[in-house]
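Coordinate inspection notes
Each chain, letter by letter, is given below.
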Amino acid sequence: MDLSYSPEELAFRDEVRGWLNANLPADLRRKMAQYEHLTRDDLLRWHRILAKRGWIAPSWPREWGGTDWNLVQRYIFEEECGYAGTPPLIPFGLSMCAPVLLKFGTEAQKKRFLPRIYNGDDFWCQGYSEPGSGSDLASLKTKAVRQGDQYVVNGQKIWTTLAHYADWIFCLVRTDSGVSKRQEGISFLLLDMKTPGITVRPLILMDGGHEVNEVFFDDVKVPAENLVFEEGKGWTVAKYLLGHERMNTGRIGASKRELAKLKEFAAAQTNNGRPLIEDVRFRDKLSRVEIELTALEITNLRFLDQMRRTGQPPGADVSMLKIKGTEIQQALSELMMQAVGPFAQPFRPSDGGAGFDSFAAALAPRYCNMRKTTIYAGSNEIQRNIISKMTLGL
Amino acid sequence: MNFDYNEEQQLLADSIRRFIARDYDFEARKKIVASKDGCSAAVWSTFAEMGLLGIPFAADQGGFGGGAIDLMSVMEAIGEALVVEPYLATVGLGAQFVARGGGDAQKKSILPAVIEGRLKMAFAQTERGARYDLAHVATTAKKAGEAWVIDGEKCVVLAAPLADKLVVSARTSGQPTEANGISLFLVDRTAAGVSLRPYVTLDEMRAADVVLSGVEVGADALLGKQGEGLALIEEVVDFATALVCAEAIGAMKQANDATLEYLKTRKQFGVPIGTFQALQHRMVDMVVAAEQARSMACLACAKVDGEKDARERKRLVSAAKVKIADACRQVSQEAIQLHGGMGMTEELKVSHAFRRLTMIAQQFGDAEHHLGRFAALDRS
């Protein structure tokens, strides 16, 4: 048993770390460190810097721009990005639409969309959830009716992350409502966001941020060539995506960075005349999160090692990483808010903002925002259902 | 990076599992626990024949030159079967002092005997009021010519009634909680002046409070350097802590397996109770806790031997023990809850796993103790 990376893996990590530190623009680094909201341009700028380096889509096949990195290298790269505090890579194009096209798309679809995803020419979003279909996704009702060489789409999606930035949306739509099994009769459709009949309405979250939207479809005409895979087989596509290898689900790198930041911040806060970090009640909470994070990192490496040796996809293991990873992210954001004490209360300046501590004021909203992590991407309760069924056989 | 056992470790794991399946099931264990000594001589000889008693000792003493990583699978199996023989006390504690701190003559006279199963050991350290502070040693050893005279009282000395030799910590200088001035001595359990108040522990092992009253030992009984015993005590206790973490993984596996089986077979309202989501999610959380605990046990066993920086070693062992203690409590408590009334009875093995897990949570320091040590050693 050996818990360390090999010398080659360490050299790779150092190369990635060095490059990220040298190439992450100072203003983006600062925005990330200050928990500021990122604009479309911020996200795309970082995307294009990585694309230029050839590191934007490591898991794609070589011919489409992949890096041929092995599992461990891909994991190291993702964790190093988190640790360096780079802007997030928006997954909808790179690691959701693209893998679907690579697996199920026609040559024409691949040629049309993949290079534009790679270069950051198209910004994608995901149309899955609906007002009545959250965890129970298969109950979705947005309808697409085939008329000649096009589909006419009517309905509504919700929680559509960054739809207000998006050029394209991939959607699960119902093409047949007369099926006995709800998972049948669903299709996977690609829609140009500029198509007449699409309306995006912001949903402002409790932290004041605009991340998610409602998207309405009113007689939206979509060329039939934008259907991916067969009509009525959209559930197969969706399931493939859910099982797609995503070993950074635990977000270890990003949480390590937050932990270091929390320690530094708590050391600078005063509590009863002493640094807050020396307060036993606070310190115990912090230590428990640090230990849980250490355990999760090793758990993640164990799963990775197992995948490498058996060639098996991660399966329900990813659910475990999601549950613990998000619990840790939430705990860290909560401790950060707690650390700032009474200054958690100021939210936004009501005049020009002179002397306003915007970093301190970002901590409580961030705590609010992080509540999403145990809800999105399959709530943690759904993850427990998955483990219960797949691992435990209950 | 490789989390697999190597071929030798796997063979070892397989052979101990075979032995346990054949000779150490729950019924066999019950008989051993109920016996006069609470320990089976036959089991101990089999351990010796299988080579289990020699794993972490040097080849020139008859051992295999292994470390905590090599003992992991053994400790896991011991945990799963709830073995009550004093493996940890002898191999993980007592003899470790000799192997790490003893002189050649001491090694020669003790280690081969341990490896061959002829000698059991125990570590007499804890004193009244010391809790988990390893520097709290008030027992004294005073020079009398060439000999030493030891006086004091040691509490909760695991396996003391079974041990042939005790490793006793005693103060040769300084105040009762000072780091310097602690020395280690080899003392025959039957030596004049040694008296035991033996008892059975909650987890059905044997232990005793040990009173040392004018116990005279020769100069050759001193283990390691006079007055510098604390570093060795910390090293060996960290080693044993890592081992008990691995043992906990096995005991948690037993509790989780039994609970899962119960959820699948026990019917209420006409269906297996495992179909109820309220129970499914609790079961999942038990399994997740055990996986996280396993990761920390791997870390502790890998680093307790491999980490040369003592401060970092202590910090990682403490991190592991915090996670293990928390997981022990969660898994054991939930296992009983999900078993319902049956889990409360002595008749099911799971209640015995509960008792062992509860004790492991506090053995060598509870979560709060190790949280304190973990934080105090943080360099960042």
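Residues numbered from 1 in each chain as written. Chains lettered and ligands numbered in written order. Predicted model: local features only at pLDDT ≥ 70, side-chain atom pairs only at ≥ 80, totals over all residues.

1. Some points on the overall build of chain A
Here is the rule we go by: To qualify as a helix, a DSSP run of H or I must reach at least 4 residues; to qualify as a strand, a run of E must reach at least 2; elements of each kind are numbered from the N terminus. When we talk radius of gyration, it's over C-alpha atoms, and the globule rule is simply 2.2 Å times the number of residues to the 0.38. Counts of 20 or more other C-beta atoms within 10 Å of a residue's own C-beta define buried residues, counts of 12 or fewer define exposed ones, and intermediate counts define partly exposed ones; C-beta atoms are placed from the backbone.
Scanning chain A from terminus to terminus reveals 12 helices and 10 strands. For chain A, whose C-alpha radius of gyration is 22 Å, the value lies close to the compact-globule estimate of 21 Å for 394 residues. By its C-alpha atoms, chain A is 75 × 60 × 45 Å across when sized along the principal axes. Looking at the 394 residues of chain A, the share that counts as buried comes to 38%.

2. Considering the overall build of chain B
Quick reminder of the rule: Throughout, a residue-residue contact means that the two C-beta atoms, derived from backbone geometry, are no farther apart than 7 Å.
Across its full length, chain B carries 12 helices and 10 strands. Residues classed as buried in chain B amount to 52% of the 380 residues present. A separation threshold of at least 6 residues defines the contact pool for chain B, and within that pool the share at least 24 residues apart is 75%.

3. A word on the packing of helix H10 (residues 317–339) of chain A against helix H11 (residues 358–370) of chain A
Pairs of packed helices are described in terms of their axes, by the angle between the two and the distance that separates them. All names here are of chain A. Filter applied, for reference: The convention used is that axes are lines fitted to C-alpha atoms, helices contributing only their stretch in contact, and that angles between N-to-C directions extend from 0 to 180 degrees. Throughout, the term roughly parallel applies to angles under 35 degrees, roughly antiparallel to angles over 145, roughly perpendicular to angles from 65 to 115, and oblique to all others. For any helix crossing, the convention is left-handed if the near helix is rotated counterclockwise from the far helix by under a right angle, and right-handed if that rotation is clockwise. Residue type decides the class: Asp, Glu, Lys and Arg count as charged, Ala, Val, Leu, Ile, Met, Phe, Trp, Tyr, Cys and Pro as nonpolar, and the leftover types, Gly among them, as polar.
Interaxial distance between H10 and H11 falls to 8 Å at its minimum, and their mutual angle equals 160 degrees. The angle between H10 and H11 falls in the class roughly antiparallel. With respect to the hand of their crossing, H10 and H11 are arranged in left-handed fashion. Within the contact between the two elements, H10 uses Gln329, Gln330, Ser333, Glu334, Met336 and Met337 and H11 uses Leu363, Ala364, Arg366, Tyr367 and Met370. Partitioning the contact of H10 with H11 into residue classes produces six nonpolar, three polar and two charged.

4. Concerning the domain arrangement of chain A
Stated formally: Residue ranges labeled as domains rest on an automatic or database domain assignment.
By domain assignment, chain A separates into domain 1 (7–89), domain 2 (124–238) and domain 3 (252–390). On a C-alpha basis, the centroid separation for the pair domain 1 of chain A and domain 2 of chain A is 30 Å.

5. A closer look at the environment of Glu368 of chain B
Tracing the chain through its elements places Glu368 of chain B in helix H12 (residues 367–376). C-alpha separation for the pair Glu368 of chain B and Ala325 of chain B, spaced 43 residues apart in sequence, amounts to 9.3 Å.

6. Observations concerning the domain arrangement of chain B
How big an interface is tends to be reported as the loss of accessible area on association of its parts. Partitioning chain B into structural domains gives domain 1 (7–119), domain 2 (122–228) and domain 3 (230–376). Here the residues of the side of domain 2 of chain B that touches domain 3 of chain B sort into seven nonpolar, four polar and three charged.

7. Some details on the interface of chain B and chain A
Facing 29 residues of chain B, the contacting portion of chain A comprises 31 residues. Elements with a minimum of two residues in the side of chain B that touches chain A: helix H7 (229–265), helix H8 (277–306), helix H9 (310–339) and H12 of chain B. Broken down by element, the residue count for the side of chain B that touches chain A peaks at 13 residues, all from H8 of chain B. The residue makeup of the side of chain B that touches chain A, split by class, is 19 nonpolar, seven polar and three charged.

8. Observations concerning the packing of helix H5 (residues 87–101) of chain B against H7 of chain B
Residues and elements named next belong to chain B. Put simply, H5 and H7 touch, their axes get as near as 10 Å, and they point 150 degrees apart. Put simply, H5 runs roughly antiparallel to H7. Crossing geometry of H5 relative to H7 is assigned as right-handed. Across the interface between the two elements, Leu88, Gly92, Leu93, Gln96, Phe97, Arg100 and Gly101 of H5 pack against Leu232, Glu235, Val236, Phe239, Ala240, Leu243 and Val244 of H7. For the contact of H5 with H7, a count of residues per class yields nine nonpolar, three polar and two charged.

9. Side note on the pairing of strand E7 (residues 210–223) of chain A
All names here are of chain A. Heads up, the condition is: Strand pairing requires that DSSP identify at least two bridges connecting the strands.
Pairing of strand E3 (residues 150–158) with E7, which is carried by eight bridges, proceeds in the antiparallel orientation. Its bridge partner being in E7, Tyr151 is matched across the sheet by Val222. Hairpin connection, strand E6 (residues 198–204) to E7: the antiparallel pair is bridged by five residues, and Gly208 has positive phi, about 85 degrees.

10. What about helix H6 (residues 104–115) of chain B?
We count it as follows: To estimate how far a helix should reach, multiply one less than its number of residues by 1.5 Å.
Over its 12 residues, H6 of chain B runs 16 Å from end to end, which matches the ideal 16 Å to within 8%, given 1.5 Å per residue. Positive backbone phi, approximately 85 degrees, marks Gly117 of chain B, located one or two places after H6 of chain B.

11. Observations concerning the confidence of the model for chain B
Worth spelling out the cut-off: Values of pLDDT, ranging from 0 to 100, describe the predictor's confidence in every residue of the model.
Scored by pLDDT, chain B comes out at a mean of 97, with 100% of its residues at no less than 70. The ipTM value of the predicted complex is 0.95, and its pTM value is 0.95.

12. Focus: the pairing of strand E6 (residues 194–200) of chain B
Each regular strand displays side chains that alternate between the two surfaces of the sheet. Residue and element names in this part refer to chain B. Bridging between E6 and strand E7 (residues 206–217) involves seven bridges; their strand directions are antiparallel. The partner of Ser195 across the bridge, within E7, is Val211. Between E6 and E7, which follow one another and run antiparallel, lie five residues, and Glu204 among them has a positive phi close to 65 degrees.

13. Some points on unusual backbone geometry
Residue and element names in this part refer to chain A. At Tyr35, a residue that is not glycine, the phi angle is positive and equals roughly 60 degrees. Structurally, Tyr35 can be placed in the loop between helix H2 (26–33) and helix H3 (40–53). Residue Tyr35 is classed as partly exposed on the basis of its C-beta count, with 17 C-beta atoms lying within 10 Å. Within the chain, Trp159 stands out as a residue other than glycine whose phi angle is a positive 60 degrees.

14. Focus: the environment of Pro349 of chain A
Residues and elements named next belong to chain A. Note that Pro349 resides in the loop between H10 and H11. C-beta crowding within 10 Å serves as the criterion here: with 13 such atoms nearby, Pro349 is assigned to the partly exposed category. Taking C-alpha positions, Pro349 is 29 Å from Ser255, a pair spaced 94 residues apart along the chain.

15. What to know about the environment of Val228 of chain A
Residues and elements named next belong to chain A. Residue position: Val228 is located in strand E8 (residues 227–228). You can call Val228 buried: it has 21 C-beta atoms within 10 Å. For the pair Val228 and Ile252, spaced 24 residues apart in sequence, the C-alpha separation works out to 34 Å. Once residues lying within four places of it in the same chain are set aside, the contact partners of Val228 are Val100, Leu101, Phe104, Gly105, Gln109, Phe188, Leu190 and Val237.

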